[in-house]
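Each chain, written out:
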Amino acid sequence: MSEEKQNELNTTQTNHEYGGSEIQVLEGLEAVRKRPGMYIGSTSESGLHHLVYEIVDNSIDEALAGHCTDITVTINPGNTITVTDNGRGIPVDIQPQTGKPALEVVFTILHAGGKFGGGGYKVSGGLHGVGASVVNAMSEWLEVQVHKNGEIYEMKFSRGKITQEMKVVGKTDHTGTTVTFKPDPEMFETLEYNYDTLHTRMREEAFLNAGLRIQTVDLRPGQEQEDDMCYEGGIREFIAFINQNKAPVHPDIIYMAGAREDSMAEIAMQYNDGYQEIMASFANNVHTAEGGMHEEGFRRALTNVLNAYGKKIKLLKEDEKVSGEDCREGLSVVISVKLTEAQFEGQTKTKLGNSEMRTLVNAVVSEKLEIYLEENPGVGKAILEKALMASRAREAARKARESVRRKSVLESGQMPDKLQDCNERDPALCEIYIVEGDSAAGSAIQGRDSRFQAILSMWGKMLNVEKARADKIYGNDKLYPLVLGLGAGIGEEFNIDKLRYHKIIIMADADVDGAHIRTLLLTFFFRYMRPLIERGYVYSAVPPLYKLTRGKQQRVAYSDEERDAISAEMRGDNPNVKVEINRFKGLGEMDPHELWETTMDPEKRTLRRITLDDAVAADQIFTVLMGEEVEPRKDWIVKNAQYVSNLDF
Ligand code: TSJ
């Protein structure tokens, strides 16, 4: 460590002497601040929320160990977070190895959490239990109170450094842990918590931990609300929730569970009369968005059991088969496995790599589902009939598609008329703006630099991706122009080498409809053109929110803070001067010049790159909340209307 840095530490930390081990500690936490992405994924809205999950994971581990029944997550005024539980309380005794209270170690040493202490059912999730020190490093301040041994212990930190050593501050008659923190404005692009994001995630945790009570509370003025979640039925109730607005093919939810050595698997499933497969899988309560071995085991077993059963009841002829996809049309399923040494792989470390989970889930489903179908022949027949219908529809669609594709415009190179192309041909230099609505598209077409900027306009309600089979997208008049314009095909045939633009910019309003369009497009890209997101080719344009006018002088602002700052600047030393502030209602309201200046000029605009994490979040919102039925979608939009400008898809 440089001398300068050492001095800086010593001055901010007057009552604390630094020895060798402390310096290592600080370097550890400094590494978190230098490369936050490695520890919490991002410093955008998703990273901000991740801090909360890191803390809550510790309480959930305590619940899994059988010592905690209640967890409360509170957004306080000022966007600080409090997490409290009624567990045993983080140990406060001095650790022999370090000579320090375990509590201090948890918050100051990377990867220390959850590793100490005695037995119980310990599971290790992806980032589970290692997060307290990471959150501490990323917080302007953090304080913790532990109720244990009849005493209340307290300790405080700032940006990972101790500001108050552990001390007893009072007496108590119960046990538990409370942590309050303020995310560091130096580290995060946004500091505003979204209640719905936290609530949705906590609801998921409550579904996955049957009987655990989780409360979420928002205390911010003007948006006070709370939810109290406890599901005795666990993942069965998760399926009931996912299918709540869908028409089930059979009344009960099929539930299967089994264990082997240290691991266990549980599966809940139900078919509805739609086409979409909704598979939500978890390993140690971590959402495995990229799937993995447990999903493979499930798919294999489901296909085998249904084919065998179909033959047995003679719905399938001896040489007839239904494919895996056919077996999953309209299926909602939650797979949850718990294991001791989870291996997480893939781009976002959300793909389960343990092959023994394939074996376990396969065994559980093979055995239990067969028994279930034997005992419920009515359900068995309904499911088989549905799979057979899917099989026939798919075959017909394939034939139709093949005949269309032979003379397909995809190969002819013909471009859709909704596309105003650019002159440049090198994809690395080309951008395509996807714009919603007539008037915004008009302004964009006039305002753009047509040498390298193409405009694709989309209007009207887009296809609900959830409802469509992949093959239907070829025929969809809203998405087809997009597929054509990008030029790289779709799904299994997607070929990124043919992509015509290396910047794909979604330009939508900062309102409900804009958020809706962004979610739809991201879900679509995630499901059918994932390499676009993996390569970082997808962006969100950031239009301004306010126009400020003083006489002939005009400026724009992209946030409330910026608005206030610019307004003060424009006033200068002259507080009585009038600065007119107008809110932009939408992109369509801007003239071509304004749009170019504020949102499209590469010299001045802000683009937000969409990460795989963002797309996963959009996909999940989509899956659960934007499924078959219109009503829950409306509810979601109405409920989120006030936050929508903060959504970070
Ligand atoms: F780590 C943390 F600070 F992020 C955090 C930990 C935050 C919150 C809100 C709760 C917790 C937490 C930790 N709740 N409960 C526990 N339990 C333990 O750390 C614990 C207690 C006792 C024993 C034991 O063996 O006696 C072992 C452990 C791991």
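Up top you'll find the structure we're talking about.
So, how was this worked out
Residues numbered from 1 in each chain as written. Predicted model: local features only at pLDDT ≥ 70, side-chain atom pairs only at ≥ 80, totals over all residues. Heavy atoms only, no water. Helix = DSSP H or I, 4+ residues; strand = E, 2+ residues; numbered from the N terminus. Buried < 20%, exposed > 50% of the residue type's maximum accessible area, 1.4 Å probe, protein only. Contact = heavy atoms within 4.5 Å. Areas by Shrake-Rupley, 256 points an atom, 1.4 Å probe, with all protein chains shown as cover. Pairing = 2+ DSSP bridges. Phe/Tyr/Trp six-rings, centres within 6.5 Å; stacked < 30°, edge-to-face > 60°. Expected span 1.5 Å × (residues − 1). Axes fitted to C-alpha atoms, helices over the stretch in contact; angles between N-to-C directions. Parallel < 35°, antiparallel > 145°, perpendicular 65-115°, else oblique. Left-handed = near helix turned anticlockwise from the far one by under 90°. Nonpolar A, V, L, I, M, F, W, Y, C, P; charged D, E, K, R; others polar. Salt bridge = Lys/Arg side-chain N within 4 Å of Asp/Glu carboxyl O. Right-handed = clockwise from strand over helix to strand, strands pointing away.

*Asks:* Give me the lowdown on the overall build of the protein, citing residues and values where you can.
*Replies:* Summing up its helical and strand segments, the protein has 22 helices and 24 strands in all. Evaluated residue by residue, the protein yields a buried proportion of 54% over its 649 residues. Look at the contacts in the protein between residues 6 or more apart in sequence, and 69% of them connect residues 24 or more apart. Here the protein displays about 28600 Å² of accessible surface, and carbon together with sulfur accounts for 48% of that area.

*Asks:* Before we move on, could you go through the pairing of strand β9 (residues 254-260) and cite the residues and values that matter?
*Replies:* Two faces make up the sheet, and in a regular strand the side chains alternate between them. Where β9 meets strand β10 (residues 263-271), seven bridges bridge the pair, whose relative direction is antiparallel. Across the sheet, Met256 pairs through a bridge with Ile267, a residue of β10. Adjacent in sequence and paired antiparallel, β9 and β10 are bridged by two residues, among which Glu261 carries a positive phi angle near 50°.

*Asks:* Can you explain the packing of aromatic side chains? Please cite residues and give values.
*Replies:* In this structure the tally under the stated criterion is seven aromatic pairs. A ring pair is formed by Phe207 and Phe238, whose centres lie 4.6 Å apart and whose planes are at 10°; its orientation type is stacked. Taken together, the positions of Phe207 in helix α7 (residues 195-208) and Phe238 in helix α8 (residues 235-242) put the pair 31 residues apart, joining distant regions of the chain. When sorted by exposure, Phe207 lands in the same class as Phe238, which is buried. Between the aromatic rings of Phe207 and Phe241, the centroid separation amounts to 5.6 Å while the plane-to-plane angle is 40°, which identifies the pairing as tilted.

*Asks:* How would you explain helix α9 (residues 293-312) if you had to name every residue and give the values?
*Replies:* Residues three or four positions apart in an α-helix share a direction because the helix packs 3.6 residues into each turn. Taking 1.5 Å per residue as the helical rise, α9 with its 20 residues ought to reach 28 Å, and the 28 Å between its terminal C-alpha atoms agrees with that figure. Looking one or two residues beyond α9, the residue adopting positive phi is Lys314, at roughly 65°.

*Asks:* If you had to explain the sheet that holds strand β24 (residues 607-609) to someone new, which residues and values would you point to?
*Replies:* Pairing in this open sheet of six strands is mixed, and the strands run β16-β18-β17-β19-β20-β24 from one edge to the other. Where the open sheet ends on each side, the last strands, each with one partner, are β16 (419-420) and β24. Across six bridges, strand β17 (residues 431-436) lies against strand β18 (residues 453-458) in parallel orientation. In the strand pairing of β18, Ile432 is matched with Ala454. Its contacts with the sheet put helix α17 (residues 512-528) on β17, β18, β19 (503-507) and β20 (538-541), and the angle it makes with β19 is roughly 150°.

*Asks:* An account of the environment of Val579 is requested, with residue identities and associated values reported.
*Replies:* Secondary-structure assignment places Val579 in the loop between α19 (560-571) and β23 (580-583). Taking relative accessible area as the criterion, Val579 reaches 9% and is therefore assigned buried. Distance from Val579 to Ala568, taken between C-alpha atoms, is 9.0 Å for residues eleven residues apart in sequence. When near neighbours in sequence (up to four residues on either side) are disregarded, Val579 contacts Leu548, Thr549, Arg550, Ser567, Met570 and Arg571.

*Asks:* So what's going on with the sheet that holds strand β12 (residues 286-287)? Residues and values would help.
*Replies:* Spatial ordering of the open sheet is given by β9-β10-β13-β11-β12, a layout of five strands whose pairing is mixed. Edge strands, defined here as strands with exactly one partner in the open sheet, are β9 and β12.

*Asks:* Just give me the short version of the environment of Asp511, but keep the residues and values in it.
*Replies:* Relative to the elements of secondary structure, Asp511 occurs in the loop between β19 and α17. Taking relative accessible area as the criterion, Asp511 reaches 30% and is therefore assigned partly exposed. Separated by 75 residues in the primary sequence, Asp511 and Gly586 have C-alpha atoms spaced 8.2 Å apart.

*Asks:* Got a sec to walk through the packing of α9 against helix α11 (residues 355-375)? Specific residues and values, please.
*Replies:* The contact between α9 and α11 brings their axes to 7 Å, and the two run at 30°. Taken together, α9 and α11 sit at an angle that is classed as roughly parallel. In this structure, α9 crosses over α11, and the sense of that crossing is right-handed. On α11, the residues touching Met293, His294, Glu296, Gly297, Phe298, Arg300, Ala301, Leu302, Val305, Leu306, Tyr309 and Lys312 of α9 are Ser355, Met357, Arg358, Val361, Asn362, Val365, Ser366, Leu369, Glu370, Leu373 and Glu374. Taken together, the residues of the contact of α9 with α11 sort by class into twelve nonpolar, five polar and six charged.

*Asks:* I'd love a proper account of the packing of α7 against α8, names of residues and values included.
*Replies:* Remark: α7 packs on α8, axes separated minimally by 7 Å, with the N-to-C direction vectors making an angle of 135°. As far as their axial angle goes, α8 and α7 are oblique. Here Arg203, Glu204, Phe207 and Leu208 of α7 come into contact with α8, specifically with Ile235, Glu237, Phe238 and Phe241. When the residues that make up the contact of α7 with α8 are grouped by side-chain class, the tally is five nonpolar, no polar and three charged.

*Asks:* Could you give an account of the pattern of salt bridges, naming the residues involved and the relevant values?
*Replies:* Scanning all chains against the criterion turns up 25 salt bridges. Residues Glu277 and Arg328 are paired through a salt bridge, measuring 3.0 Å at the closest nitrogen-oxygen approach. Residue Glu277 is located in the loop between β10 and β11 (278-283), and its partner Arg328 is located in helix α10 (residues 324-328); the two are separated by 51 residues in the primary sequence. The class for Arg328 is buried, based on a relative accessible area of 11%.

*Asks:* Before we move on, could you go through the pairing of β18 and cite the residues and values that matter?
*Replies:* The element β18 is largely enclosed, with a buried count of six among its six residues. The two faces of β18 match: Gln453, Ile455 and Ser457 on one face and Ala454, Leu456 and Met458 on the other face are all buried. Across two bridges, the pairing between β16 and β18 is antiparallel. The residue bridging Leu419 from the neighbouring strand is Leu456, located in β18. Traced from β17 through helix α14 (residues 438-447) to β18, the parallel crossover comes out right-handed.

Honestly, it's all geometry; don't read function into it.
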